[in-house]
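In case you want the letters, here they are:
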Amino acid sequence: MSREPVDRHEQILTVAAGLFARKGVAATTVREIADAVGILSGSLYHHFDSKEAMVDEILAPYLRDLRAAYQPVLSRAADPRTKLHDLVVASLQVVEAHPHATEIYQSDVNYLSQFERFGYLTAAAGDVRKAWLEVISDGVARGAFRPDLEPGIAYRLMRDAIWLSVRWFRPTPDYPLARFAEDCTSLFLDGVAAAGRAWSLAEVGEDG
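Definitions and limits used
- Residues numbered from 1 in each chain as written.
- Predicted model: local features only at pLDDT ≥ 70, side-chain atom pairs only at ≥ 80, totals over all residues.
- Heavy atoms only, no water.
- Helix = DSSP H or I, 4+ residues; strand = E, 2+ residues; numbered from the N terminus.
- Buried < 20%, exposed > 50% of the residue type's maximum accessible area, 1.4 Å probe, protein only.
- Contact = heavy atoms within 4.5 Å.
- Areas by Shrake-Rupley, 256 points an atom, 1.4 Å probe, with all protein chains shown as cover.
- 1 Å grid on protein atoms, 1.4 Å probe; cavity = no way out; pocket = protein on both sides within 12 Å on 5 of 7 lines; lining within 4 Å.
- Points joined across faces, edges and corners; volume = space filled by probe spheres on them.
- Arc of directions from axis to C-beta.
- Phe/Tyr/Trp six-rings, centres within 6.5 Å; stacked < 30°, edge-to-face > 60°.
- Expected span 1.5 Å × (residues − 1).
- Axes fitted to C-alpha atoms, helices over the stretch in contact; angles between N-to-C directions.
- Parallel < 35°, antiparallel > 145°, perpendicular 65-115°, else oblique.
- Left-handed = near helix turned anticlockwise from the far one by under 90°.
- Salt bridge = Lys/Arg side-chain N within 4 Å of Asp/Glu carboxyl O.

Draft legend 1. Main features of the overall build of the protein. Broken down by element type, the protein carries 10 helices and zero strands. Reading the secondary structure of the protein in the N-to-C direction produces α-α-α-α-α-α-α-α-α-α. The buried share among the 208 residues of the protein stands at 38%. Within the protein, residue pairs in contact and separated by at least 24 positions form 68% of the contacts whose partners lie at least 6 positions apart. When the accessible surface of the protein is totalled, it reaches about 11900 Å², and 54% of it is carbon and sulfur.

Draft legend 2. Looking closely at the layout of surface pockets. The computed volume of the largest pocket comes to approximately 390 Å³. Around the largest pocket, the lining is made up of 17 residues, and of these Arg146, Leu149, Met158, Phe188 and Leu189 lie nearest the centre. Mapped by element, the contributors of at least two residues to the lining of the largest pocket are helix 5 (80-97), helix 8 (151-163) and helix 9 (177-190). The greatest single-element share of the lining of the largest pocket, amounting to four residues, is contributed by helix 8.

Draft legend 3. Layout of helix 2 (residues 30-37). For helix 2, the complete set of buried residues consists of Val30, Ile33, Ala34 and Val37. For helix 2, the angular spread of buried residues about the axis comes to 95°, placing them on one side. Seen from the open side of helix 2, the exposed residues pointing more than 90 degrees away from its buried face are Arg31 and Asp35. Positive backbone phi, at 95°, marks Gly38, one or two positions downstream of helix 2.

Draft legend 4. Structural detail: the packing of aromatic side chains. Taken as a whole and assessed by the stated rule, the structure comprises 11 aromatic pairs. In this structure an aromatic cluster arises from ring pairing among Tyr111, Phe115, Phe118 and Tyr120.

Draft legend 5. Region of interest: helix 9. For helix 9, with 14 residues, the first-to-last C-alpha span of 19 Å sits near the 20 Å given by 1.5 Å per residue. All of the buried residues in helix 9 are Leu177, Phe180, Ala181, Cys184 and Thr185. The arc enclosing the buried residues of helix 9, seen along the axis, measures out at 135°, which places them on a common side. Packed against the buried residues of helix 9 are helix 5. Of the residues flanking the end of helix 9, it is Gly191, one or two places downstream, whose phi is positive at about 75°.

Draft legend 6. Fine view of the packing of helix 4 (residues 51-75) against helix 7 (residues 120-141). The interhelical angle for the contact between helix 4 and helix 7, taken along N-to-C directions, is 25°, at an axis separation of 11 Å. In this view, helix 4 runs roughly parallel relative to helix 7, as classed from their interaxial angle. At the point where helix 4 passes helix 7, the crossing takes the left-handed sense. Along the contact surface, helix 4 presents Asp56, Leu59, Ala60, Leu63, Leu66, Arg67, Tyr70 and Leu74, while helix 7 presents Tyr120, Leu121, Ala123, Ala124, Asp127, Val128, Ala131, Trp132, Glu134 and Val135.

Draft legend 7. Inspection of the pattern of salt bridges at higher detail. Across all of its chains, the model carries 12 salt bridges by this definition. Two residues, Asp65 and Arg64, come together in a salt bridge whose shortest N-O distance is 3.5 Å. For Arg64, a relative accessible area of 51% puts it in the exposed group. Residue Asp86 pairs with Arg76 through a salt bridge whose shortest N-O separation is 2.8 Å. On the criterion of sequence distance, the pair formed by Asp86 in helix 5 and Arg76 in the loop between helix 4 and helix 5 is long-range, its members being 10 residues apart.

Right, dumping it as C-alpha coordinates:
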(Lines give C-alpha, C1' and ligand atoms only; values in the text may rest on other atoms or scores of the structure.)
Protein backbone atom coordinates (compact mmCIF):
# COMPACT_ATOMS: atom_id res chain seq x y z
CA MET A 1 0.00 0.00 0.00
CA SER A 2 1.46 3.35 -1.01
CA ARG A 3 2.41 5.80 1.73
CA GLU A 4 2.66 8.74 -0.65
CA PRO A 5 -0.37 10.64 0.77
CA VAL A 6 1.02 10.42 4.31
CA ASP A 7 4.51 11.33 3.17
CA ARG A 8 3.15 14.26 1.14
CA HIS A 9 1.18 15.47 4.14
CA GLU A 10 4.31 15.48 6.29
CA GLN A 11 6.37 17.04 3.50
CA ILE A 12 3.92 19.93 3.24
CA LEU A 13 4.01 20.44 7.01
CA THR A 14 7.81 20.44 7.08
CA VAL A 15 8.10 22.95 4.26
CA ALA A 16 5.32 25.14 5.66
CA ALA A 17 6.92 25.14 9.12
CA GLY A 18 10.21 26.35 7.69
CA LEU A 19 8.52 29.13 5.73
CA PHE A 20 6.32 30.21 8.65
CA ALA A 21 9.35 30.33 10.95
CA ARG A 22 11.42 32.33 8.48
CA LYS A 23 8.84 34.71 7.02
CA GLY A 24 6.00 34.70 9.51
CA VAL A 25 2.56 33.16 9.09
CA ALA A 26 0.84 36.25 7.69
CA ALA A 27 3.54 36.85 5.06
CA THR A 28 3.60 33.24 3.82
CA THR A 29 1.09 32.31 1.12
CA VAL A 30 -0.41 28.94 0.27
CA ARG A 31 1.02 29.29 -3.20
CA GLU A 32 4.55 29.74 -1.81
CA ILE A 33 4.16 26.57 0.20
CA ALA A 34 2.80 24.63 -2.77
CA ASP A 35 5.59 25.89 -5.03
CA ALA A 36 8.23 24.92 -2.47
CA VAL A 37 6.74 21.42 -2.22
CA GLY A 38 6.40 21.15 -6.00
CA ILE A 39 2.64 20.80 -6.25
CA LEU A 40 -0.27 22.98 -7.38
CA SER A 41 -2.05 25.09 -4.80
CA GLY A 42 -5.24 23.14 -5.44
CA SER A 43 -3.49 19.88 -4.63
CA LEU A 44 -2.37 21.27 -1.29
CA TYR A 45 -6.01 21.66 -0.25
CA HIS A 46 -6.43 17.90 -0.51
CA HIS A 47 -4.32 17.71 2.65
CA PHE A 48 -5.20 20.93 4.51
CA ASP A 49 -8.30 23.09 4.33
CA SER A 50 -6.36 26.29 5.04
CA LYS A 51 -3.02 27.80 5.94
CA GLU A 52 -4.23 28.03 9.53
CA ALA A 53 -4.84 24.27 9.58
CA MET A 54 -1.15 23.76 8.82
CA VAL A 55 -0.13 26.11 11.61
CA ASP A 56 -2.46 24.24 13.95
CA GLU A 57 -0.80 20.89 13.20
CA ILE A 58 2.62 22.43 13.80
CA LEU A 59 1.86 24.23 17.06
CA ALA A 60 -0.47 21.78 18.80
CA PRO A 61 2.13 18.97 19.24
CA TYR A 62 4.72 21.51 20.39
CA LEU A 63 2.50 22.86 23.15
CA ARG A 64 1.30 19.37 24.08
CA ASP A 65 4.90 18.19 24.48
CA LEU A 66 5.83 21.28 26.51
CA ARG A 67 3.02 20.72 28.98
CA ALA A 68 3.82 17.02 29.19
CA ALA A 69 7.50 17.78 29.86
CA TYR A 70 6.60 20.06 32.76
CA GLN A 71 4.28 17.64 34.57
CA PRO A 72 6.95 15.35 36.07
CA VAL A 73 9.09 18.36 37.02
CA LEU A 74 6.28 19.94 39.01
CA SER A 75 5.07 16.70 40.59
CA ARG A 76 8.38 15.34 41.88
CA ALA A 77 9.70 16.16 45.34
CA ALA A 78 12.76 18.34 44.78
CA ASP A 79 14.24 21.60 45.99
CA PRO A 80 13.45 24.81 44.03
CA ARG A 81 16.88 25.04 42.44
CA THR A 82 16.62 21.49 41.08
CA LYS A 83 13.11 22.14 39.81
CA LEU A 84 14.20 25.34 38.06
CA HIS A 85 17.08 23.46 36.46
CA ASP A 86 14.71 20.73 35.32
CA LEU A 87 12.31 23.28 33.83
CA VAL A 88 15.19 24.73 31.84
CA VAL A 89 16.23 21.28 30.60
CA ALA A 90 12.65 20.29 29.74
CA SER A 91 12.07 23.54 27.88
CA LEU A 92 15.27 23.28 25.86
CA GLN A 93 14.56 19.67 24.94
CA VAL A 94 11.15 20.63 23.57
CA VAL A 95 12.67 23.61 21.74
CA GLU A 96 15.22 21.27 20.17
CA ALA A 97 12.48 18.85 19.11
CA HIS A 98 10.23 21.61 17.71
CA PRO A 99 12.50 24.43 16.49
CA HIS A 100 10.15 25.79 13.82
CA ALA A 101 7.11 25.62 16.09
CA THR A 102 9.05 27.48 18.79
CA GLU A 103 9.98 30.24 16.36
CA ILE A 104 6.43 30.48 15.01
CA TYR A 105 4.95 30.68 18.48
CA GLN A 106 7.38 33.36 19.63
CA SER A 107 6.93 35.49 16.52
CA ASP A 108 3.24 35.03 15.74
CA VAL A 109 1.34 34.22 18.92
CA ASN A 110 -0.30 37.65 19.00
CA TYR A 111 -1.29 37.44 15.34
CA LEU A 112 -2.64 33.93 15.66
CA SER A 113 -4.60 34.64 18.82
CA GLN A 114 -7.08 36.72 16.85
CA PHE A 115 -8.36 33.52 15.19
CA GLU A 116 -10.91 31.51 17.14
CA ARG A 117 -9.26 28.18 16.31
CA PHE A 118 -6.12 29.31 18.15
CA GLY A 119 -7.87 30.13 21.38
CA TYR A 120 -5.89 27.34 23.02
CA LEU A 121 -2.69 29.39 22.69
CA THR A 122 -3.76 31.66 25.54
CA ALA A 123 -4.49 28.68 27.78
CA ALA A 124 -1.15 27.07 26.91
CA ALA A 125 0.74 30.28 27.63
CA GLY A 126 -1.04 30.51 30.98
CA ASP A 127 -0.08 26.94 31.89
CA VAL A 128 3.57 27.56 31.03
CA ARG A 129 3.66 30.79 33.01
CA LYS A 130 1.96 29.13 35.98
CA ALA A 131 4.55 26.35 36.03
CA TRP A 132 7.48 28.75 36.13
CA LEU A 133 5.89 31.10 38.66
CA GLU A 134 5.09 28.16 40.93
CA VAL A 135 8.74 27.10 41.03
CA ILE A 136 10.18 30.61 41.30
CA SER A 137 7.72 31.74 43.97
CA ASP A 138 8.34 28.57 45.99
CA GLY A 139 12.07 29.24 45.79
CA VAL A 140 11.60 32.76 47.14
CA ALA A 141 9.28 31.57 49.91
CA ARG A 142 11.70 28.84 51.01
CA GLY A 143 14.72 31.11 50.97
CA ALA A 144 16.38 29.34 48.04
CA PHE A 145 16.11 32.44 45.83
CA ARG A 146 16.59 36.13 46.62
CA PRO A 147 13.77 37.58 48.75
CA ASP A 148 13.55 40.67 46.54
CA LEU A 149 13.11 38.63 43.35
CA GLU A 150 9.99 39.50 41.39
CA PRO A 151 8.77 36.13 40.04
CA GLY A 152 6.96 37.61 37.03
CA ILE A 153 10.01 39.54 35.86
CA ALA A 154 12.35 36.62 36.49
CA TYR A 155 10.07 34.31 34.51
CA ARG A 156 9.89 36.63 31.50
CA LEU A 157 13.66 37.10 31.41
CA MET A 158 14.27 33.36 31.63
CA ARG A 159 11.51 32.54 29.14
CA ASP A 160 12.88 34.85 26.47
CA ALA A 161 16.45 33.67 27.02
CA ILE A 162 15.42 30.02 26.62
CA TRP A 163 12.89 30.15 23.81
CA LEU A 164 14.65 32.77 21.70
CA SER A 165 17.82 30.68 21.84
CA VAL A 166 16.22 28.69 19.01
CA ARG A 167 17.36 31.51 16.72
CA TRP A 168 21.05 31.11 17.44
CA PHE A 169 21.99 28.11 19.58
CA ARG A 170 23.14 24.96 17.77
CA PRO A 171 24.38 22.07 19.94
CA THR A 172 27.75 20.55 19.06
CA PRO A 173 29.62 17.52 20.42
CA ASP A 174 31.82 19.91 22.40
CA TYR A 175 28.90 21.98 23.66
CA PRO A 176 25.78 19.77 23.84
CA LEU A 177 22.30 20.75 24.94
CA ALA A 178 22.90 19.40 28.44
CA ARG A 179 25.81 21.79 29.00
CA PHE A 180 23.80 24.70 27.62
CA ALA A 181 21.04 23.89 30.10
CA GLU A 182 23.55 23.79 32.96
CA ASP A 183 25.05 27.12 31.93
CA CYS A 184 21.62 28.72 31.62
CA THR A 185 20.65 27.52 35.07
CA SER A 186 23.92 28.73 36.55
CA LEU A 187 23.53 32.16 34.98
CA PHE A 188 19.92 32.47 36.13
CA LEU A 189 20.70 31.45 39.69
CA ASP A 190 24.29 32.53 40.28
CA GLY A 191 24.87 35.36 37.81
CA VAL A 192 28.25 35.99 36.24
CA ALA A 193 30.18 37.41 39.21
CA ALA A 194 32.97 35.30 40.68
CA ALA A 195 31.89 33.61 43.89
CA GLY A 196 32.58 35.69 46.99
CA ARG A 197 33.89 38.66 44.98
CA ALA A 198 32.14 42.03 44.78
CA TRP A 199 33.58 44.29 42.11
CA SER A 200 33.44 48.07 42.14
CA LEU A 201 33.49 50.53 39.26
CA ALA A 202 36.87 51.75 40.48
CA GLU A 203 38.28 48.27 39.96
CA VAL A 204 36.80 47.46 36.56
CA GLY A 205 36.55 50.99 35.15
CA GLU A 206 33.38 52.68 34.02
CA ASP A 207 33.76 51.22 30.52
CA GLY A 208 34.08 47.67 31.88
